Structures are given as structure tokens and as C-alpha cells.
Amino acid sequence: MKQEQIDQKLSALKSSIFRPIAPLAIEAWVTPKPVPYAERRQGEHKIVHVGDRWGQRVFDCGWFHFTGTIPVEYRNQDVVIRIDINGELCLMDEQGQPVRGLTAHATAVPSVNLGGPLKSVYQLPRATVQSGTVDLWGDAGLNELFGGMPGSGAVMMAEVAVVDMERRALFYDLEVIGSLLVRIDHPSNASYRRYRRVFEDAIAEADIGKARAICKTILDKKDGDALMTITAVGHSHLDLAWLWPIRETIRKAARTFSTALYNIERYPDYVFGASQPQQFDWMKQFYPGLFERIRSAVKAGRIEPQGCMWVEADMNVAGGEALVRQMIYGCRFFREEFDVEMNHLWLPDVFGYNGQLPQILKKAGMNYFVTQKLSWNKINQFPYHSFRWRGIDGSEVLAHTPPENTYNSHATLLSISKIQDEYKQIDVSNHALMLYGIGDGGGGPDAEHLERLAREKNLPGLPQVITRGAVPFFAEWSKESARFPIWQGELYLECHQGTFTSQSLTKKNNRRCEGLLREVEWSSLLAEQLCGVAAPDLQQIWQEVLLYQFHDILPGSSIHRVYVESNERYLQLIVRLESLLHDRYRQLANTLAAAKECVLFNSLPWPRTEWVKDQNSWTKVEVPPMGYAVVRPSTPAAFAIAADNDRLENALICVRFAADGTIRSLYNKTLQREMILANHRANQFAVYADYGNAWDMSLDYRSNAPQRPVLETVSIAIDGPRAVRTQTFRVGESTIIQRILLTDGSPVIEFDTELDWNDPLTMLRVEFPVAVHSETARYEIQFGEIERTTHTNTMWDVAKDEVPHQQWMDLSQADCGLALMNDSKYGARIKDQLMELNLLRCVPTPTSPQCWAKHTSERVATATYTDLGPHHFRYAAYAHDGRANVVPQARIFNSPIYGGVSTTTTAPATTTAGSWITLDDARIDVPAVKKAEDGRGWIVRLVMTEAATANVTLQSKLAFSQAEEVDLLERPIAPIPVQDGAITTTLHPYEIKTIRLSVA
């Protein structure tokens, strides 16, 4: 029996569940932005009838007032209101707190993808029914779940209705039995014949009670397959921005949580899981009454906080330290608000997972990881649903991908069947997750999900289904883990590679904020200890930066409006952080230098050389690691730098240019090696046609030769220690201006690039063909590096055509190599001997649920585009010997030197330079030095940047007498002996180690 036949047989029964008994009168006050409940009568006042369009633009807002009378004869029955305003609506109580979210039935996403009808029913409280008067307010948005305007934006339904609860129950009885028929669909099967007879007898029975009794002969027979247990978790994966702005997410969260609480009251065993402390925090700020109900439900075990991060963040572009802060702020919120300690990471919809994540999780006390996205692979089917995920350092966490391959399960019998039939670890595990409910746009489960599950717990020939939270699932499932297969290294997603590049300004602002926050924390700790200036509270800034790392904001897959708003906020955050830096370094300069003297500060654990210009005089300053140097003029020797029409040269490298502006030679004078592949050109721009979308590049973009920008002008200049070649290129309607810089004594050639990009449906890349042969290339990931193949021997190699990286990538052989460093670019490709950096993608921004569809002329003509307009970014080439540690050069390239000018009126110490912290191993990075979260001492985070083990001594002039290793959430692990202001600790390959230093 087919599903269409079942639906047809049930249609009459379904249509008789609700009987309209009275209309609702509607008043609306329409505004362009949300207004609070207390101001709900602001805006354009309208009397609205069914069929009337109430707003004009997507994301218009309105307060709706619904009134009506319940006829006397129905005041002891089950009465509901049914509302569809062709948008999203949140009904409120008399205090203006959410009680129920309602959603338009019209949507561009097929209902089959959502699991059934959307939400239009609100059961009136018994006291309201008996009073005979309906008087309700609702906060409305003129948008569907997925952002666009549904239908015409006209009200579709507003009525009071009686619900026949027994008919409703019979409908769900028969729907489930019908699903058993669809699953078997074999007339000769004995079970099929039995189920069909029950189904047809119940349909034919006029007495509802008798019909239900017939159904119970199957539904009450508890003979499910106990060899497998499915944990069904109520869920609403809510994108914090995507096809709607952040402001709408706050209201979506209110609708989602209020709906969860509405259903918790009606279904005793329903447990709703919700991740992302950010959305809980919004409820606390904007809907405190609702938040208190959430708190009570968490305490009662009916709402389960899930995940350990502030948001479900991108794992490719966000930096390592930012991922730590995601967990610090996420776990803290759940601990302080709900007294819940987290033990898992919950990322069902994130676009790939870096290979250092297992260690990051383990060192924060997280043992479990859940995702679903790997089922989206385009080329290779990911082989596991339950596995042990091993990171680049050897750390392991237990990972689960729900076998239904969705976080929007319909909770139908077919869902259960799919889990049973397709669970890849069924031979070693009896447990699997089902995440049911409507997600992405929010809303979560509703009656159709919960009624089905109530009947599906122990059906013949199917697994047992338990409705509960994920945490008890982990406890049972993990007992089976000894036999789980192992996956080593990154979890690369074979789609959405375009998100490594899309919306490049957002990625640049994120990188800038990450760097500034590190610098502010370091300088603030120094200013507090040395100047007595209290460190600023950076929690709000951190949390806003973490919010924008959400997996549809930072990757570039949200609507245009999200980037207009978030980039405006980024600029304000950057101004605030730079102001804090200026103040702290000025205060420090006052303690270190005489009036009007400049002090340079180096927060990195490696020394760096800086050229400082005062009027027409240049001074070379050596700034010690994690220290300072007072700038005192000196007479430098002649600069070892040269430039002419086709050459830039210093004592270490010589760069020669072809007539088209590309590099024909990059010669390492120390190694006496040419780094550019013979008869090839480096730093060559390539413009490809890109008919993809914000997520994905066209799969065949390389099938046609790229356009090559044409060189228009060249100028050469020498400015003290720096030789500069400025080149202007044109391609299509776009301009590229690039300053190529070589500094005296530096092994790095820099490419300072400005674009004015005006060519839609294009992608700009830069190429470096390298005279190096290696089967693998190295790429920096968070707190480490990973090797990926440069060949395409297997389909797994083919799939990794475009890959993510952090600040550098490197192609090396035993005696030489070339690294490309960047200040904000994340998409890369190294195949054979060609290194490529993806610089921008100019493709349509998402606009609707169909935004991933192929382009049409109409869509292209009306689209807004990613990366149109001005850009400024930098990348650099570093030729080196063998498999050099690129990290120091990359950090220097990404970390501007900061200075402070002394304004003191007293005579400070005369020391010209010094370090506050020193390490005796140059392979150790220090991604954070900051005040401890609880105020007890200060934190130093160390990372071994190579696959090596070393005993490392840390010496500090900052005050401390006690030391202990702590985890990433800053909980104690073990004390560390202190001797003469120094500690020694051991770091293993790619290990992250966090140390608290304090005064006894």
C-alpha cells in the first residue's frame, strides 16, 4: 500500500477533527521593527479580515489582537483557536510573555521536508473556554520559517473551533498503522495482511471508540525489537541567523521555547533538547517570564541543555582560542543558570570539523560529539554512524551521527525503519539517536510528532523507541564504545567549500577581532600588574564575536542584511578594542620610558625586528619575546635592499618579474634555490566563472580557462628599508592594485592588495607554482597543522579539492619549501606543485529557501552579491629550508606591532628592552595570556606546534608563586612546582596545555 493511498483514505477523517464555531475579529498595529508588548498599540492601526494582506515587506512586524466569543453550547468542550496570518506569530499571556508559537502553512519548503503541517492550533485554557471570551495578543512577523514572504502575506485563517479529541486520536492510530503497511507493502506477507485488515476495519467502523479498540490490537501489542533502542530527542535546530536577521532569531527562539513548554504540559514523557546558550540568554534578556519557565523545565528534566559552546559555531574559520572561549562561556552559562555540567559538543549542521577538535573537547571535559552534516558528502559516503574520533594529537572522543541523516525527523514509522535499516554500526551498537521536530527556522516538535511517538514505542518488528534527552543516551551508548571503529584526523565535509571564502569582509573582521582580543587581554594583564589599572571585562565583546562565528554567519551563507548589520557591529567592536589597547600601552609606556619616547610591545613568544621611522630617520628595533623595547634613534648602516624595473632584492631573496606583472623567479639566496617552477609564473591571478552559491562553488569551475587580469601600470620605490613595486591590473569591470613589498633582512615577500570588484558570478584566486615535490602539503588548523595529499589517487583525495586552513599553508620537500601566509583568507588548494589561495567569490547571497537552486536570469538580475565592492587584504610568500616551522612567521605577519608613547612627567627606569615571559623552546606558541576567569591569578596557554615532545621552561617577571595545570575551562588538574619565578612542563605533539599562575 502506498503512502498516497493511505493519505487519501485518511483525508475525510482528518478534515473532521476540527469544527469551526466562531470567527475571530482581528486588529493589528504594523511596524517595520519589533516593539515590546507594553508599546503594542504603536504603528499603523488596521482592521484585518481573513484574506487581507497586513504588511508590505518581508520582516515587517505587527501586534495582533484577536477577540471572539465561544457559543454557550461549546463551553464545556475542547476548544481551540486556529490562526494562520501567513507569517510567524507568538501568542502572549497577560504579562506579555510567550505562550505558543504559530507558523504559516504556506512555505517554499515542501511539507514533506518538514514532517507535516505547520503550527496553527492553540488549545484554550479551560478557564478561558468557560468564560466564553477570547482575548489574545500575538507578536507577528511577515516571514515564514525560512525567511521569505509566504504566499501573498494575507491572513489565511482566524477562527474558534471545537476539536474532537477521539477522532484526532484515531487519526494518529491509523496513520501509524498505515505506515506499517507502507513499510511492508507486500500483499503476500502475513503481517501485511493482518495490518491491512485492521486498518480497513477501523476505517469502516462508524463508532470512534470501537475503531480505536480495533487499532489497539496492534498498537498495544508490546512486541518491539528490543535488540535496538532508539532515543528520540525533541529538537529544533535554530539557526541564529540565516535567511533572516539576528533580531528575528530572538523572536523565533521565543516561539520555539514557548511551543516546547506548551507541549510539555500536554505530553508527560516529552523531553525537548536545545543547544546554544546564546538563545537561552536572549530569553533571559527579552522574555524573563518565559526564561523562568524554561529554568523550571530544565530542573524538572523536561528541557535538556545541549552542547558546550556559546553557539553552534563554524569549525573551519573560527580560530582555536575562539573555540576555547565558545566552551568557556557556553559551559559557564549552563552551569550558572541551570546547575548543569556539560559533557558533549552538539553541532548537527556545521560545515566540517577540524582535526584538533577532539583534543580541544577532551581538555574541556567533553567526551561526546554529535553531528549530522557528514551525511551530506557529495562523493564519498562517510562510513560510520558511531565511532571513536581521534585527533591529530591522539585524543579521542565518542562521535555519533544520527542514522536517519537529519536533525528534522518527522518521527514517523518510516523514520524508525530507516534508522534500523541503515545504522552502520548495528553490529556493535544497540543504540541510536533520532532528532525530531522542525528546525533551521525554529519551532520544534508539535502534536503530529508527539502523537506518533506515543504509538511507536514498541511496534512489531521495530526497535524500542524511548523519548528522553541525549545525555542518558550517551551513558548507555558509550558502554558499547570498545568496539567502535576509529576515524583519524579531520572530519572533512565534501560540500560547502565555498564557505571558506564567501563574505570575505566578515572573515577579515573576525580575524581582526580575534587578534585584538588576544592583544587586549595580554596588555590588560600587564597594565594591571605593573600599573595597577583594572583589567576590562571583555565578556560581552567576546560573546558578540562568538555569536558572529555561528555557522551561517562566519561561513558567509546568510542573507545580505545579516552582513550589513554584523559588519557594522564588527567595526564598533574593533574601535572599542583598539581604544583599550591604546590606553593600556600608553600606561605601560609611562612606566618604561621618558616623556615622548615610544615603546614597542611584542605579545608573541618570539623576538621580532621592526623598522621605525621618525621623520626622515629609520631605526631598527629588536623587540624581545613577550616584552618591549624603547625606541631610541640610532644611525643604521646602509639598507641592503634593491629594486629596479623587474627586480626586488635583499640579502636573503631575489624576486624577478615578467612583463605581465607575475613573478618569474623567487630565488632563495641562502639555499641557492629557485622556488618557482620552471617556465611558470607565480603570484598570477586567475578569475573563474563561478555559477555556484554562497555555500558551493561550481563543481566544474576549472573546466574553462580562467581570465587573467591585464597589467596596466607599474611603479617602483624604495622607502628606507623597504622596496615596493606597485602594480595595477584590470579585469572586466574590476581593478586590482597590489603593493609588493620586500624589507631589508626579511625572508618574507608581502602582497598588500586592494580590489574594487564589480564582476558578479566570478571567483578570484592567486597561483604559486612551486619547484617543490611532495605527496602531501601542510595546512595550519586550529592549534596545529594537518597534512593533505597533493594528488588525486583516491576519491577521498579528489573530494578535498578546496580545503580550509588558518594562517598558513606550506609545500615542502626535505631541503626547501614555500609557505603562503594570509591575514584573512581561508580557502586553499595545493595539487601537484600548484599552490592556490582563494581571494573572493562574487556570487548571489541567499534570499529564500530556494537560494541554493541554479541561477536563472531573473535571480541573477535581482540578486545581491557576496564580495562586491572594495577589499583590502594581505598575503605573503616565505621561502625556507625544508619543513620549517612556519608558525612564528605567520604570527608576526598577522600581529601588528603596537606602540605606546610615554606621557610621564617622572623619570622611569632606563632599561631599553626586556621580556615579561620567556620560553626556552621556539616551537611553543602562546595563543592566550589573560586574567583567570574566576579572578584567581592568570592563565597562560601553550601549544606545541610540531609533532614533537619537549620539556619546556617558562620564566616570568610577572608576580606568581604558585602554578597548576588546568583544563580549558580552567578547572584544576595538577600542581606544577615553581622555582625562582620559573616552571617546567612537558608538551607532547600538538598538545594544548593551560597553566594558572597565582600568588599564594
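Caption draft 1: Highlighting the overall build of the protein chain. Along its length, the protein chain carries 20 helices and 53 strands. A globule of 1000 residues ought to have a C-alpha radius of gyration of about 30 Å, and the protein chain, at 31 Å, matches this closely. For the protein chain, the spread of C-alpha atoms along the three principal axes comes to 105 × 60 × 60 Å. Evaluated residue by residue, the protein chain yields a buried proportion of 63% over its 1000 residues. Of the contacts formed within the protein chain by residues at least 6 apart in sequence, a portion of 74% connects residues at least 24 apart. For the protein chain, the computed accessible surface area is about 36,300 Å², with 51% contributed by carbon and sulfur atoms. Between the mean site of the 103 positive side-chain charges and the mean site of the 119 negative ones, the protein chain shows a separation of 1 Å.

Caption draft 2: Spatial organisation of the state of the cysteines. Taken as a whole, this structure holds zero disulfides when the rule is applied. The thiol of cysteine 90 is not disulfide-bonded; the next cysteine sulfur, from cysteine 61, is found 13 Å away. Judged by its relative accessible area of 2%, cysteine 90 falls in the buried class. Looking at cysteine 816, it has no disulfide partner, and the nearest cysteine sulfur is the one in cysteine 654, 17 Å off.

Caption draft 3: Here's a closer look at the packing of helix α4 (residues 165-184) against helix α12 (residues 413-422). Look at α4 against α12: their axes get within 9 Å of each other, and the N-to-C directions meet at 40 degrees. Classified by the interaxial angle, the pair formed by α4 and α12 is oblique. Listed contacts from α12 to Val176, Ser179, Leu180, Val182 and Arg183 of α4 are Leu413, Leu414, Ser417, Gln420 and Asp421.

Caption draft 4: How the structure looks around the pattern of salt bridges. Taken as a whole, this structure holds 72 salt bridges when the rule is applied. Of the charged contacts, one joins arginine 996 and aspartate 934 as a salt bridge, the two residues approaching to 3.0 Å between their closest N and O atoms. With arginine 996 in strand β53 (residues 992-998) and aspartate 934 in the loop between β47 (924-931) and β48 (938-944), this pair connects stretches of sequence that are 62 residues apart. In this structure, a network of salt bridges that share partners links the residues Glu166, Arg168, Asp173, Arg212, Glu451 and Arg455.

Caption draft 5: Fine view of the pairing of strand β51 (residues 972-976). Taken together, the four bridges between strand β50 (residues 962-966) and β51 define a ladder with antiparallel strand orientation. Note that in β51 the partner of valine 966 across the bridge is proline 972. Taking the residues between adjacent antiparallel strands as the criterion, β50 and β51 are bridged by five residues, where glutamate 970 takes a positive phi near 70 degrees.

Caption draft 6: Structural view of the packing of aromatic side chains. All chains considered together, the criterion is met by 47 aromatic pairs. Note on phenylalanine 171 and tyrosine 172: the rings are 5.2 Å apart at their centroids and 75 degrees apart in plane angle, and the pair reads as edge-to-face. Residue class for tyrosine 172 comes out buried when judged on its relative accessible area of 9%. Directly above the ring of tyrosine 37 sits arginine 40, whose terminal nitrogen or CZ lies 3.9 Å from the centroid. Note that arginine 788 overlies the ring of tyrosine 779, its terminal NZ or CZ placed 4.7 Å from the centroid.

Caption draft 7: Representation of the sheet that holds strand β40 (residues 817-822) in the model. Taken together, the nine strands give an open sheet; going across it, the order is β31-β32-β33-β34-β43-β40-β39-β36-β37, and neighbouring strands pair in antiparallel fashion. One side of each edge strand has no neighbouring strand; the edge strands of this open sheet are β31 (710-719) and β37 (784-789). Within this sheet the neighbouring strands show an average axis-to-axis angle of 20 degrees, counted without direction. Across the sheet, helix α20 (residues 887-894) touches β34 (748-757), β36 (776-781), β39 (808-812), β40 and β43 (869-880), and the angle it forms with β40 is around 30 degrees.

Caption draft 8: Main features of the sheet that holds strand β17 (residues 396-400). In space, the five strands of this open sheet follow the order β14-β15-β17-β16-β20, with mixed pairing throughout. Here the strands that pair on one side only, and so sit at the sheet edges, are β14 (344-346) and β20 (486-488). On average, each strand axis in the sheet is tilted by 30 degrees relative to the strand beside it, whichever way the strands run. Relative to β20, strand β16 (residues 386-390) is paired through three bridges, and the arrangement is parallel. Considered in β20, the bridge of arginine 388 is made with isoleucine 486.

Caption draft 9: A look at the nonpolar core. Phe257, Met283, Ile294, Met327, Tyr353, Phe369 and Trp389 are the most contacted members of the largest nonpolar core, which totals 210 residues. Residues contacting tryptophan 389, with those up to four places away along its chain left out, are Tyr353, Asn354, Leu357, Pro358, Phe369, Ser395, Glu396, Val397, Ala399, Trp487, Gly489 and Leu491. Core analysis: the next-biggest nonpolar cluster, separate from the first, contains 54 residues, Leu742, Cys816, Tyr865 and Phe873 among them.

Caption draft 10: Examining the pairing of strand β12 (residues 272-275) more closely. Residues Phe272 and Ala274 point to one face of β12 and Gly273 and Ser275 to the other, with burial holding for every one of them. Relative to strand β13 (residues 303-306), β12 is paired through four bridges, and the arrangement is parallel. Pairing of alanine 274 across the sheet is with proline 305, part of β13.

Caption draft 11: Representation of the environment of alanine 877 within the structure. Mapped onto the elements of the fold, alanine 877 is located in strand β43. Note: C-alpha distance between alanine 877 and aspartate 759 (118 residues apart in sequence) is 27 Å. If we skip the residues at most four places from it in the chain, alanine 877 touches Leu666, Pro747, Val748, Ile749, Phe751, Phe768, Leu818, Ala819 and Leu820.

Caption draft 12: Examining unusual backbone geometry more closely. The phi torsion at phenylalanine 59 lies on the positive side, around 75 degrees, for a residue other than glycine. Among the structural elements, phenylalanine 59 can be located in the loop between β3 (44-48) and β4 (61-69). Residue glutamine 503 is not a glycine yet carries a positive backbone phi of 60 degrees. Secondary-structure assignment places glutamine 503 in the loop between β20 and α15 (504-531).

What counts as what
Residues numbered from 1 in each chain as written. Predicted model: local features only at pLDDT ≥ 70, side-chain atom pairs only at ≥ 80, totals over all residues. Heavy atoms only, no water. Helix = DSSP H or I, 4+ residues; strand = E, 2+ residues; numbered from the N terminus. Rg over C-alpha atoms; globule rule 2.2 N^0.38 Å. Buried < 20%, exposed > 50% of the residue type's maximum accessible area, 1.4 Å probe, protein only. Contact = heavy atoms within 4.5 Å. Areas by Shrake-Rupley, 256 points an atom, 1.4 Å probe, with all protein chains shown as cover. Lys, Arg positive; Asp, Glu negative; His and termini not counted. Charge placed at Lys NZ, Arg CZ, Asp CG, Glu CD. Disulfide = S-S within 2.5 Å. Axes fitted to C-alpha atoms, helices over the stretch in contact; angles between N-to-C directions. Parallel < 35°, antiparallel > 145°, perpendicular 65-115°, else oblique. Salt bridge = Lys/Arg side-chain N within 4 Å of Asp/Glu carboxyl O. Pairing = 2+ DSSP bridges. Phe/Tyr/Trp six-rings, centres within 6.5 Å; stacked < 30°, edge-to-face > 60°. Lys NZ or Arg CZ within 6 Å of the ring centre and 35° of its normal. Core = buried A, V, L, I, M, F, W, Y, C linked by side-chain atoms within 4.5 Å.

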